[in-house]
Structure formats: structure tokens, C-alpha cells
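Listed below, chain by chain, are the residues.
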Number of protein chains: 2
Amino acid sequence: MTVRSNICAMAGYVPGEQLNDPDITKLNTNENPYPPSPRVFEAIRTALTPNSLRKYPQPLGDTFRKTAGRVLNVDPDGILIGNGSDDILTILTRTFVPEGGLIASPIPSYILYRSLAEIQGAQFLSVRFSADWRTLDSWAAQANLTFLPNPNSPSGTIVDPETVTRLAKALAPAPLVLDEAYADFTSWSGLELLSSTPNLIITRTLSKSYSLAGIRFGFAIAAPELVRELAKVKDSYNCDVLSLAAATAAVEDQDYFHEVRAKIIATRVRMTQELTELGFDVLPSHANFVWCRRSDRPVKPIYEELKRRKILVRYMNYAAGPLGAPEGAYDGLRISVGTDAEIDTLLSALKAIL
Amino acid sequence: MTVRSNICAMAGYVPGEQLNDPDITKLNTNENPYPPSPRVFEAIRTALTPNSLRKYPQPLGDTFRKTAGRVLNVDPDGILIGNGSDDILTILTRTFVPEGGLIASPIPSYILYRSLAEIQGAQFLSVRFSADWRTLDSWAAQANLTFLPNPNSPSGTIVDPETVTRLAKALAPAPLVLDEAYADFTSWSGLELLSSTPNLIITRTLSKSYSLAGIRFGFAIAAPELVRELAKVKDSYNCDVLSLAAATAAVEDQDYFHEVRAKIIATRVRMTQELTELGFDVLPSHANFVWCRRSDRPVKPIYEELKRRKILVRYMNYAAGPLGAPEGAYDGLRISVGTDAEIDTLLSALKAIL
């Protein structure tokens, strides 16, 4: 059949391995090791009625928007709901990027941005981080859409508000998307810049900090007049009734959220220290994972040996692809912050391997 | 901001009204009036565990694919899962239609096809049905993608296997999408043509015949090698863990499905007869709605008077838009098949109004 050539040519985004073996210590896709808020289960059970299943859900998710607007102190009309933040990134691409257009993002970073460019038939430009990961070498003012994950993956590093503002200004009137999938694990968010930076768009997910990867829910925060345009591009009913109920309950339970967040940050501090003691170069992380490299030996065999021991971390190699990376950051292990017990299992295994 | 001009220019698809008032008799968006299978509730409750919510779901929905493959007697690798069949239609558009390309579909039909063309920056061509709704006037062999809803909405009519085969051959190698959202309410499906018609793609939804509009689940059936290309375009995790569990359980319970289907068809027969007796021109329907017009008076005031009485049907006017329609079919009421009690309420109100 007559599939578009850009689709035929692309390899397709490959997500992290999802193995079903319950014995596996899974530290490869940044899932939250703690369960979602008890209120989430309650809300799903309450929503589980014949009428809610057989009828179409709220097209724009007004109940969620009202709740999230209150919790985050933003205008509910400035919130766009998504079937995971991947759905939001797709909607943004289709809204801003024509075929033959240009998407820019830093490197190394979330590999999906390139896939989105390939699907749209657009060009993709990667911009290197400086060696300290705090600034970016140069930017493409002609990009139709620029993604900046902050905190970044796989590095776990952040750029500061001044750098974000400067970048947004340089790109205006084209949009800068601050992909804040991991922002709940650090100390600042672009939300504080929104009112003064009209071309800033913020995306969030409930997959990480709210332990809801399974229900697929993300959202964007932007100017209400832009959200009205984005809503034309999304599928009419892109979030289902149970996910909407779960997401609303999760965001409402801020006490639980802060409790889980504090545990993850405490474990992150400990694992950073112990991995460093084991000889890894660990970047100070602002996310729920750490990026580990070694100067004394390759890390791929460590990933493989861990996998043999049923411990799954993510081995990422940016030199193998067409991507490029900051000097010296070509491959490494991205290890999700698990429970303390999971991290003990990992550390014991590493001690045995090294 | 620099939103693409095709997005700015479009009005956006407007779904049927979703009113929250529980007193409303809702016959406007073809939801199923009966609850989903009891097994669906059971499956969702079973899937509702901390681990299933906090972890990513199956990217390709292998459990659903295996089950649906067995029930429909198709290759599981030839099934693509979607977040509602709207997601599938979007994926098909992005896979086959370049910017400036062409989407074709009959008229009057599902209005979303035009919106998909607008979002993609593509042209849209509508092809008229013949006066008996059984054939189509002419087709655009140069279309990148052709949608044929069968049964069609709002008419509820079907075209026969010979017409579909002829059309697919005329369009080859470009794809013909048979949108079978309502096929469970009629007597034949394009599934029987799949092996002999390589450019045929079939789409299905669980929103209508399986009473699951609220959970957003649809799928495509096509050649496995095409499904591999479509999977590159979909979001990695486009269906959530609870929807997947619900969809699998629903498709598994074929006894319940046949029971509900028989009730809806019986009510359709009765309402067609009684609406005809009230002076409506009712097309023989193969779906879970009927298309009603009158030669003696305009139907819009009837829609409005019904709405005042808290009975919601869909008034569709194809003359008002840029669409065009077969001779004499310019506007009408599309009334969903409700429970017998709901249809009694409708018929009493109509007797009072007329």
C-alpha cells in the first residue's frame, strides 16, 4: 500500500523494555515504585458505573481542569488534557509543524522528539548541551517547535529560569515547549514564567510523580487562546472516564503526593552517594532517576550482567545513533529511583559484579 | 504564536451535545442504552491494582489482540489497538496522507473525516451517494486515503460486498478504509473480503455495540505488514491498562453481546415502524440509529421542541455546511436506538408535538 515515505523510512520509537516477570527489579522506565494515592482507587471505583462506561466522557475534561487549575494556581481554560503526555507532544507537533518544517530539541534527550518529526515529515535539529548541562550551545530560531525537557532525561539535569526565559525570547513568536515530565522532583517549574512568557508551553504527566503510567494521563498548560487551537487538533474524546477520575483524584491528594516525592528524593540522594562510592560518575539528579557513567570501564556489560540477574536498568547509547551528545556523555546507565529495598538489591548486585 | 494556518482556519469538529442532566433522554450520540457486560466490571476491578496503575501498559495490547483475533477469526498481528476508533482514523491519516494530499469520503457521512483532512493540511473530496444509497457517484482514484463508513451515518444504510470490492480495486494500491463503527448491527462485514482485498482496512469501535464509549477503545484490522507501519505512528502506549482489560472482557463475552444486539435490532424495527406511522420518512437502518426526514414540514423545530422536553436527538443539516448531500437528503434527525422505555418517551412526545 501507499504508506508515506517518511513513515516507511523511520525505525519507530522503541520504548523501554516492559517485561512481565514479577521477579524482575524494574528500574528502566522511571515508573514510580510507590502505589498511587488511595483516593485514586476510590475515585475509579466510584466512576465504575454502567452509565459512565456506556456514555462518552467529558470532551475537554472540565472537572480535571478545574481541580488542576486550583491546585497549580493556573486558569482552567489554559489546561489541555492528554492521553499521556505523549498525546500532548503529538498534538503540539501537529498544531505547529508543517510537513518540511523543523523541530529542535537538545541532545542527549527524549528520543521521541525525533520520532515526532519523522512522523510529521519534518526536519529535526538537535542542539548540544554545554559540558555542565546548564546551557545550550546554539538554537534554531527558525524552528517551528522546540522541546526542552526540564529536568532533562537521561541526564537528570536542569537549566535555570533565566536560561529558559532567554531561550523563549530568542525563539518567539515560535513556541518553546518545556517538557516537565520530571519537574515534580525538582525545585522550580516554568509555571512561574508563564504569565511573562507568552510563547511558553508546559507539559506534565501523571506517569511519574503520581504513579499513574498505566492510566495514561498528561496535560499541557498554556495561554487559553492557544489551548483553544490545540483542542481542535486533539481527538474529541481523548481521555476516558476512568483516567479522568483517577487523574482528578491524584492531583487533589497533594499530601500523599508530597509524601511520595520526599521518599523518592531521599532514596535518590542515597543511591547517588552509594553509586559514586562504587566508582560511577553520577550527575546530580533533579528527577526520579540517575545517569551513571564510568571512566574506568564500559557500562554496557554492567547493564547486561544486571539483566541476567533480573535487574533491569536502561542502557542508552547516543553515539550508536545519529544523535551526538556532549563531549564524554555518549553512553551510560539511566537507573530509576526504586524503593529502598529495590535499590539495595541493585547495589548488592553491582558490588558483586564490579 | 505561530499556529499552522490550516489549524487556525478550521472550525474544529464539534461532537454531539453531552449534557449532564440525568433527566435527559439522550438519543443523540448513538451510545448503547444497555450496560456493558458484567465481565467488563469484573475485569476492571481485577486490573485495579497498585502495580497495574503505576506501570506502563502493554504497548501493542497483545492480550486484547489475541482475544479479538480468536473471536473474529483474524491474525492477531493484523490488529492495531486505538484510544477509540478516532485514534485509529487519526493514525491512518498520518500514515497515508501527506500535507497537500487528498482524503475522500461519501457525503453525507461522518463529519470528522473532513476535520482530519483539515488538521493534516490535506484536501478533502466528498462523493455523493446515489439516491438509493447503494452506490457512489464517482471516486477519486488519486485520493491518498478513502473512508467509507459501512453502515453509514447518518443514513444507517449499507453498500454491499460487490460495491466495496469494486471500489477497493479502483482505488488500489491506495487504501480503502471501511469504517465499521456500526457493522455489529448489520448482516455483513468487510472482514470476509480482507484476504482477497489487500488494500482494505477495517476499523471498529467498542463505543456502540459493546456499550463502552466511556473507556475509549477501537481497533483496526489490516494486513500485518501494514499494522507494523501503523504502529510506528501511534503513541507508544495509546491504550491504558483499564481500557485494555475492559475491551478484552467485552469482546470475550459474545453471549452478552448477541443478547444486547438482538434487543437493539428489535427496538429499531419497532421505532422505524412507529416513526413511519407518525409521518416520518425513515430509511431502513443497519445501525443503532435511524435517519428521519419529513416531506410535509421542517424537522428542525421538532428537534428543538424535543430538546425543550428533555429529549435529545441529533439534528444534522448538510446543506448548511460546505458539504452537499444526495438529492433530497439535506437535513434530518438522527435518532439513536434507546431502550424500549426511552423510545416510548420519544414517541409520546412526538405525538404531542405533531
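Preceding block: the structure.
These figures come from a predicted structure and were not determined experimentally.

Chemist: How would you summarise the environment of Ile201 of chain A if you had to cite specific residues and measurements?
Modeler: Tracing the sequence through the fold places Ile201 of chain A in strand 7 (residues 200-205). Classification of Ile201 of chain A by relative accessible area gives buried; the value is 0%. Distance in space between the C-alpha atoms of Ile201 of chain A and Pro36 of chain A is 27 Å, their sequence separation being 165 residues. The residues contacting Ile201 of chain A, other than those within four sequence positions of it, are Leu92, Phe96, Pro175, Leu176, Val177, Leu178, Ala220, Ile221, Ala222 and Leu226 of chain A together with Met1 of chain B.

Chemist: So what's going on with the layout of surface pockets? Residues and values would help.
Modeler: Counted as a void, the second largest pocket has a volume near 800 Å³. If you trace the second largest pocket, you find 35 residues lining it, with Ser52, Tyr56, Gln58 and Val241 of chain A together with Asn20 of chain B closest to the centre. Taken together, the elements giving at least two residues each to the lining of the second largest pocket come down to helix 2 (38-47), helix 3 (50-54), helix 4 (62-72) and helix 9 (241-252) of chain A together with strand 1 (25-27) of chain B. For the lining of the second largest pocket, a count of residues per class yields 16 nonpolar, twelve polar and seven charged.

Chemist: Can you tell me about the relation of the copies chain B and chain A, naming the residues and giving the values?
Modeler: When chain B is brought onto chain A, the operation consists of a screw motion whose angular component is 180° and whose axial shift is 0.0 Å, with 0.0 Å RMSD remaining. A rotation of that kind, with that shift, is consistent with a two-fold axis. Within chain B, Glu99 of chain B has its C-alpha nearest the rotation axis, a separation of 3.1 Å. Interface residue correspondence from chain B to chain A reaches 100%, placing this contact among same-surface, isologous pairings.

Chemist: Account for the environment of Ala247 of chain B, naming residues and giving values.
Modeler: All names here are of chain B. By the element assignment, Ala247 lies in helix 9 (residues 241-252). Among the residues examined, Ala247 registers a relative accessible area of 0% and is labelled buried. Along the backbone, Ala247 and Ile44 are 203 residues apart, and their C-alpha atoms lie at a distance of 9.6 Å. Leave out the neighbours within four places in its chain, and Ala247 touches Phe64, Leu206, Ile215 and Phe217.

Chemist: Could you give an account of the pattern of salt bridges, naming the residues involved and the relevant values?
Modeler: Residue and element names in this part refer to chain A. Tallying each qualifying case throughout the model produces 34 salt bridges over all chains. When the shortest N-O distance is used, the salt bridge between Asp62 and Arg65 registers 3.5 Å. With Asp62 and Arg65 both in helix 4 and three residues apart, the pair spans about one turn of that helix. Judged by relative accessible area, which is 41%, Asp62 ranks as partly exposed. Connected through salt bridges with shared partners, the residues Arg270, Glu274, Asp340 and Asp344 form a single ionic network.

About the thresholds
- The written sequence of each chain sets the order in which its residues are numbered from 1.
- Here the convention is simple: chains get letters from A, ligands get numbers from 1, in the order in which they are written.
- Where totals are concerned, whole chains, interfaces and linings use all residues; where local detail is concerned, this predicted model gives features only for residues with pLDDT of at least 70, and gives and counts side-chain atom pairs only at 80 or more.
- For side-chain calculations, the full set of non-hydrogen atoms in the structure is used, while hydrogens and water are omitted.
- Numbering of helices and strands runs from the N terminus, with a helix taken as a DSSP run of H or I at least four residues long and a strand as a DSSP run of E at least two residues long.
- Remark: exposure states derive from per-residue accessible area (1.4 Å probe, protein chains only) relative to the maximum for the residue type, with buried under 20%, exposed over 50%, and partly exposed in between.
- Contacts: residue pairs with any heavy atoms within 4.5 Å of one another.
- Only protein atoms enter the 1 Å grid used here. Points where a 1.4 Å probe fits but cannot escape make up a cavity, open sets with protein on both sides within 12 Å along at least five of seven lines make up a pocket, and a residue lines them when an atom lies within 4 Å of a point.
- Grid points are joined across faces, edges and corners, and a volume is the space filled by probe spheres set on the points.
- Amino acids outside the nonpolar list (Ala, Val, Leu, Ile, Met, Phe, Trp, Tyr, Cys, Pro) and the charged list (Asp, Glu, Lys, Arg) are all regarded as polar, and Gly is one of them.
- The copies were overlaid by least squares, fitting only the C-alpha atoms of residues that reach a pLDDT of 70 or more in each copy.
- Salt bridge criterion: a side-chain nitrogen from Lys or Arg within 4 Å of a carboxyl oxygen from Asp or Glu.

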